[in-house]
Every structure is written in structure tokens, then in C-alpha cells.
Amino acid sequence: MTVKVASEWLNACSGCEISILDMGERLLQVLEIADFVHIPALMDHKYFGQTGDGKHIDIPHADVGIISGGVRNEEHLEVAREMRKKCGVIIALGTCATHGGIPALSNSYTNAEILDRYYTTETTDPVTAYPGQGIPPLLDSCYALDEKIQVDILLPGCPPHPDHIFSALAALAAGKSPVLPDKSVCDTCPTVRMGKGELKDVRRFLEAPAYAAADEPLDKMRCLLEQGMVCMGPVTRAGCGGDALRPRCISARVPCRGCYGPVQPGGNQRLDMLNALASNGIDVRSLPESVSFLRFSGAHHMLRPKRKEA
Ligand code: SF4
Ligand code: SF4
Ligand code: SF4
């Protein structure tokens, strides 16, 4: 069976689309089961009809709609709603779409604070009025896709691994629901763990973790969290290693930064990480800050502007 696929990018960096291309030779298999009727990131497809001369947004009907990026302005909202209207199944592709991603860090500030900082206070070329003409108005916050339209499949990752994009499309073409990883990064990590109570102090990642030699196998290296590095593996969804399920950053001996979002879709990586540290004996008040635990998942009202003192 061939499925018609439409793809759109909203508040996105195009990394998720590069991950679609990173399927490599499997793209040839995908093209046998999927007919891309609209994918402006890769082909010359327009919003206003396929020749661009229509008066209203018009995306072709498709069985599957893939949307990357969160919803930050009126244009994103209009495109997301049109995709929902025209597509049978909607996949939120990438952590920006599933949890806001890096752009949702802006949710710690009001739009006025952001515009002020960007255009007046922290620039050598301040303006008297913010650019406005022809630019879609900002929404009040950076939203994950499911805060604005109904989403059927969440495929997180920054970017999602090509193995899972391929398996999701193959499953949908076969009339099945995709089976995606639902464990934590720790559950797929081969490093050596001694157990709770081993972590005494958190240290900044300014020096390399301890391991015997560059070619020491990962399953001989001590867990980075137990070495005192803030590794977000316990509170982050697995999948970055693709079908091999081997966490990418840990394989490079670098702590996980949480880019697949929370293990459960509604989870709070900040609270869960503070819990994980506290249950390992760390006084969480000694951390310089913890907002960055939400660096990939600040949508769903997890991050909000600070209230001003009266
Ligand atoms: S999830 Fe990552 S790769 Fe995808 S659009 Fe967002 S920032 Fe880019
Ligand atoms: S905390 Fe990090 S290094 Fe330790 S097991 Fe989890 S993912 Fe691996
Ligand atoms: S180890 Fe963590 S931060 Fe690194 S790619 Fe995997 S999920 Fe993302």
C-alpha cells in the first residue's frame, strides 16, 4: 500500500527534515511506500496551492502529516490547523513539536521582554519600533503541537533518529501503529552502576569523565551521574541510538542533556531530575540553577515568565 505523506515545518530549524534525508538508502524503500504530496523543506511546494497563486492556504490531502517544530506565531497556527484538516494521521516530529524544544526556553520571558532585549537593550543598533509589517504576529508563548491541534503520534528527538522515522512510516503504510521506544536513556545505557548513594557531589562538565583509555568499552565505564556529572539519562526518553538503542552522547562519554524530552509524554524533566539527584543524596539547593533541565521541554506551561515583584 502507498501512503500519501504531507510534511510541514513550523518553529523548526530543519534538523528534523535532515533526519528524514538521513534515512539514506532506505529513502528508496520509503519512496515505494510513501508518496510525498507536500514537503516544502525538500521540494518546491507552496502554501497557497502548488503554484503559489491561490488566495488561501491549501495543502493537499494526505494519509499522514508530519509536522516538525512548535507553534510560535499565527502563521504556524494556521499551517498546523490546515495540516490537521487535510491529514488522516498527524505525527509530531522532533522535540520542538512534542515538547517545545530549545525555542521554548523563550517561555521564561514575555514577548515584550524578548523583543526589548533583542531590538533595543542588547544591540548596538537599537530601533524605535519593532519590525511588524509582513511578519506573522507572535503568540503569547511557544507551544508544543498537541497544545494547538490533536496529535496522533509523538516522535521526539532533536532530531529524531532516522531508524524511527523509517519504522513509523513503514508501520503506517502497513496499516499498523508504530512501536517506538518508551524506556529511559538509562534503561538503554551500558555503563557500570554501583547503586544509589554513590553520588556525593555534582561537578561541572569542565573535565573529561574517568575512564581507563580512549578505547575502553562503554560497559566498563562508570555511570556519568555516579561520577558526579549531571546526566539526564534517568529522566529522558530513549531512542537517540536508533535501533541499536545505545545513547549517543554517552557513547561519546558526554552526559545526556535530555534532548528526547521526558520519558512519559506528560513528564516534567526538571522535577524528575531534582528527584533523581535528591534520592542520590545531593542537596539540590546547591545546584546553581535547574531551569536548564527543561531546555528541551519548556512547552505545556513548564516554563513561564517570572512574576515581577510588586
Ligand atoms: S527538534 Fe531539534 S532538529 Fe528538530 S526542529 Fe527542533 S531543534 Fe531542529
Ligand atoms: S545516568 Fe547517564 S551515564 Fe548513568 S546510566 Fe543513566 S544515561 Fe548512563
Ligand atoms: S544521550 Fe540524551 S542528549 Fe544525547 S542524543 Fe541521546 S537523548 Fe539526546
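Predicted, not measured: the structure shown is a model, and the values here were computed from it.

Visitor: I tried to follow the overall build of the protein chain on my own but got confused; where do I start?
Guide: Regarding its fold elements, the protein chain presents eight helices and seven strands. Relative to the globule expectation of 19 Å for 310 residues, the C-alpha radius of gyration of the protein chain, 21 Å, shows essentially globular dimensions. Taken over the C-alpha atoms alone, the protein chain extends approximately 65 × 55 × 30 Å along its principal axes. Across the 310 residues in the protein chain, those meeting the buried criterion constitute 46%. Put simply, of all contacts in the protein chain between residues at least 6 apart along the chain, 78% involve residues at least 24 apart. Accessible area for the protein chain stands at about 16,200 Å²; split by element, carbon and sulfur atoms hold 54% of it. For the protein chain, the separation between the mean place of its 32 positive charges and that of its 37 negative charges on side chains is 5 Å.

Visitor: Sorry, what's going on with the packing of helix 2 (residues 26-33) against helix 6 (residues 162-173) here?
Guide: Relative placement of two packed helices is described by the angle separating their axes and the distance separating the axes. Across the interface, helix 2 lies against helix 6 with an axial gap of 10 Å and an inter-helix angle of 25 degrees. When the interaxial angle is binned, helix 2 and helix 6 end up roughly parallel. Where helix 2 crosses over helix 6, the handedness of that crossing is left-handed. Every residue of helix 6 that contacts helix 2 at Arg 26, Gln 29, Val 30 and Ile 33 is listed here: Pro 162, Asp 163, Phe 166, Leu 169, Ala 170 and Ala 173. When its residues are assigned to classes, the contact of helix 2 with helix 6 shows seven nonpolar, one polar and two charged.

Visitor: So what exactly am I meant to see when it comes to the site of ligand 2 here?
Guide: Taken together, the residues surrounding ligand 2 are Val 185, Cys 186, Cys 189, Thr 191, Arg 193, Cys 223, Leu 224, Leu 225, Cys 231, Gly 233, Pro 234 and Ile 250. Counted by class, the shell around ligand 2 contains nine nonpolar, two polar and one charged residues.

Visitor: Would you mind showing me how to read the site of ligand 3 here?
Guide: If you check the shell around ligand 3, you find Thr 236, Cys 240, Cys 249, Cys 256, Arg 257, Gly 258, Cys 259 and Tyr 260 and nothing else. Looking at the shell around ligand 3 residue by residue, the class counts come to five nonpolar, two polar and one charged.

Visitor: Where do I start with the domain arrangement of the protein chain in this structure?
Guide: Many descriptions give the size of an interface as the accessible area lost when the pieces come together. For the protein chain, the domain assignment lists domain 1 (3-103 + 134-173) and domain 2 (181-303). The distance between the C-alpha centroids of domain 1 and domain 2 comes to 29 Å. Contacts between the two partners involve 20 residues from domain 1, matched on the other side by 20 residues from domain 2. Carbon and sulfur atoms supply 57% of the area that domain 1 and domain 2 bury against each other, a total of about 1,500 Å² over both sides. For the pair domain 1 and domain 2, the number of links is zero salt bridges.

Visitor: Any chance you could explain a nonpolar patch on the surface here in plain terms?
Guide: Side chains of Ile 18, Leu 21, Leu 42 and Met 43 sit close together on the surface and give an oily, nonpolar patch of about 340 Å² of accessible area. Mapped onto the elements of the fold, Leu 42 is located in the loop between strand 2 (34-38) and strand 3 (62-68).

Visitor: I would appreciate a short explanation of the sheet that holds strand 3 in the present structure.
Guide: Strand pairing within a sheet occurs via backbone hydrogen bonds; the two strands may be parallel or antiparallel. Strand order in the open sheet formed by five strands is 2-1-3-5-7, with parallel pairing between adjacent strands. A strand with exactly one partner marks an edge of an open sheet, and here the two such strands are strand 2 and strand 7 (153-155). Geometrically, the sheet is characterised by an average inter-axis angle of 30 degrees between neighbouring strands, direction not taken into account. In the sheet, strand 1 (residues 3-9) pairs with strand 2 via four bridges, with the strands oriented parallel. Within strand 2, the position partnered with Val 3 by the bridge is Ala 34. Helix 2 rests against strand 1 and strand 2 of the sheet, and its axis sits at about 80 degrees to strand 2.

Visitor: What am I meant to see in the layout of surface pockets here?
Guide: A probe as big as a water molecule, rolled over the atoms, marks out the empty space that is left. Empty space within the largest pocket amounts to approximately 400 Å³. Here the residues of the lining of the largest pocket are counted per class, giving eleven nonpolar, two polar and six charged. Within this model, the second largest pocket holds a volume of roughly 290 Å³. Leu 115, Tyr 119, Pro 131, Ile 135 and Leu 138 are, among the 13 residues lining the second largest pocket, the residues nearest its centre. Elements with a minimum of two residues in the lining of the second largest pocket: strand 4 (71-73) and helix 5 (111-121). Per-element tally for the lining of the second largest pocket: the top contributor is helix 5, with four residues. Residues of the lining of the second largest pocket, tallied by class, amount to ten nonpolar, two polar and one charged.

The rules behind these values
Residues numbered from 1 in each chain as written. Chains lettered and ligands numbered in written order. Predicted model: local features only at pLDDT ≥ 70, side-chain atom pairs only at ≥ 80, totals over all residues. Heavy atoms only, no water. Helix = DSSP H or I, 4+ residues; strand = E, 2+ residues; numbered from the N terminus. Rg over C-alpha atoms; globule rule 2.2 N^0.38 Å. Buried < 20%, exposed > 50% of the residue type's maximum accessible area, 1.4 Å probe, protein only. Contact = heavy atoms within 4.5 Å. Areas by Shrake-Rupley, 256 points an atom, 1.4 Å probe, with all protein chains shown as cover. Lys, Arg positive; Asp, Glu negative; His and termini not counted. Charge placed at Lys NZ, Arg CZ, Asp CG, Glu CD. Axes fitted to C-alpha atoms, helices over the stretch in contact; angles between N-to-C directions. Parallel < 35°, antiparallel > 145°, perpendicular 65-115°, else oblique. Left-handed = near helix turned anticlockwise from the far one by under 90°. Nonpolar A, V, L, I, M, F, W, Y, C, P; charged D, E, K, R; others polar. Near = heavy atom within 4 Å. Domains from an automatic or database assignment. Buried area = accessible area lost by both parts, 1.4 Å probe. Salt bridge = Lys/Arg side-chain N within 4 Å of Asp/Glu carboxyl O. Patch = residues over 30% accessible without salt bridge, like charges linked within 9 Å, V, L, I, M, F, W, Y side chains within 5 Å. Pairing = 2+ DSSP bridges. 1 Å grid on protein atoms, 1.4 Å probe; cavity = no way out; pocket = protein on both sides within 12 Å on 5 of 7 lines; lining within 4 Å. Points joined across faces, edges and corners; volume = space filled by probe spheres on them.

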